[in-house]
Amino acid sequence: PLKCPCKGAFYCNTACQRADWDVHRKVCTVDLERKLEKLRHRLDEDDPAIGNACGELGKLYLHQDRLVEAEERYLEALRISCVVEGEGLSAAGASCDLGSVYEQNGRLDDALRMHKRVLRVYRRL
């Protein structure tokens, strides 16, 4: 059997792999990491497109229980959100997601800190 380098999909042969690529590429962390690197070379390090890509990768990693990678991507998404818009809705979303990562990691104080940050943003709206 063939497997994708992201280890998220297994195939019986190359024909099956090619047939599934349009579906799998949306959740393939290896492909999305490559796209993120291309964005980093093309755009400013604080560009919102990079933040969005990091947020999407964070969600995929969280879904796959790859918490270290999820934390790294969410932290970068949060940093970019804060640079671009300050403590706004994007930062609140990234903080909430990061809080979920910390909670699953057993880092409850950090999770609480992130969720309080989200509440502060929503109270200001």
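Along every chain, residues carry numbers that run from 1 in the direction the sequence is written. Only residues with pLDDT of at least 70 get local features here, since the model is predicted, and only at 80 or more are side-chain atom pairs given and counted; chain-wide, interface and lining totals rely on the full set of residues. Calculated side-chain values reflect all of the structure's heavy atoms, with hydrogen atoms and water omitted.

Undergrad: Now, about the overall build of the protein: what can you tell me, with residues and values included?
TA: Segments assigned H or I by DSSP are reported as helices when at least four residues long, segments assigned E as strands when at least two residues long, and all are numbered from the N terminus. Within the protein, the regular secondary structure consists of six helices and two strands. Secondary structure elements of the protein occur, N-terminal to C-terminal, as β-β-α-α-α-α-α-α. Over its C-alpha atoms, taken along the principal directions, the protein stretches across nearly 55 × 35 × 20 Å. Note on classification: 1.4 Å probe, protein chains only; a residue is buried when its accessible area is under 20% of the maximum for its type, exposed when over 50%, partly exposed between these limits. The buried share among the 125 residues of the protein stands at 38%. Only heavy atoms matter for contacts: two residues are in contact if any of them lie within 4.5 Å across the pair. Taking contacts inside the protein between residues at least 6 apart in sequence as the whole, the part at least 24 apart equals 44%. In summary, the charge assignment counts Lys and Arg as positive and Asp and Glu as negative, without counting His or the chain termini. Just so you know, the charge point we use is NZ for Lys, CZ for Arg, CG for Asp and CD for Glu. Mean positive and mean negative side-chain charge positions of the protein (21 and 21 charges, respectively) differ by 2 Å.

Undergrad: Hey, could you go over helix H5 (residues 89-104) for me, with residue numbers and the actual values?
TA: With 16 residues, H5 extends 23 Å from end C-alpha to end C-alpha; this agrees with the ideal 22 Å at 1.5 Å per step. Buried residues along H5 sit against helix H3 (48-63), helix H4 (67-85) and helix H6 (108-124). Among the residues trailing H5, Gly106 stands out with phi positive, at a value near 80°. Here the expected span of a helix is defined as 1.5 Å times the quantity of residues minus one.

Undergrad: I'd like a rundown of the pattern of salt bridges, residues and numbers included.
TA: We define a salt bridge as a side-chain nitrogen of Lys or Arg found within 4 Å of a carboxyl oxygen belonging to Asp or Glu. Across all of its chains, the model carries 13 salt bridges by this definition. The shortest N-O distance in the salt bridge between Arg107 and Glu71 comes to 3.2 Å. Taken together, the residues Arg107 in the loop between H5 and H6 and Glu71 in helix H4 connect sequence positions 36 residues apart. Classification of Arg107 by relative accessible area gives partly exposed; the value is 30%. Taking the relative accessible area as the measure of exposure, Glu71 reaches 15% and is therefore buried.

Undergrad: Provide a residue-level description of a nonpolar patch on the surface, including the pertinent values.
TA: Patches here: salt-bridge-free residues with over 30% relative accessible area, like charges joined within 9 Å, nonpolar side chains (Val, Leu, Ile, Met, Phe, Trp, Tyr) joined within 5 Å. Only the protein chains shown count as cover for residues, and all accessible areas are computed by the Shrake-Rupley method using a 1.4 Å probe. Among the surface-exposed residues, Leu89, Tyr122 and Leu125 lie close enough to one another that they form a single nonpolar patch of about 350 Å² accessible area. Tracing the backbone through its elements, the reader meets Tyr122 in helix H6. The exposure class assigned to Tyr122 is partly exposed, which follows from its relative accessible area of 45%.

Worth remembering: the numbers are spatial, not functional.
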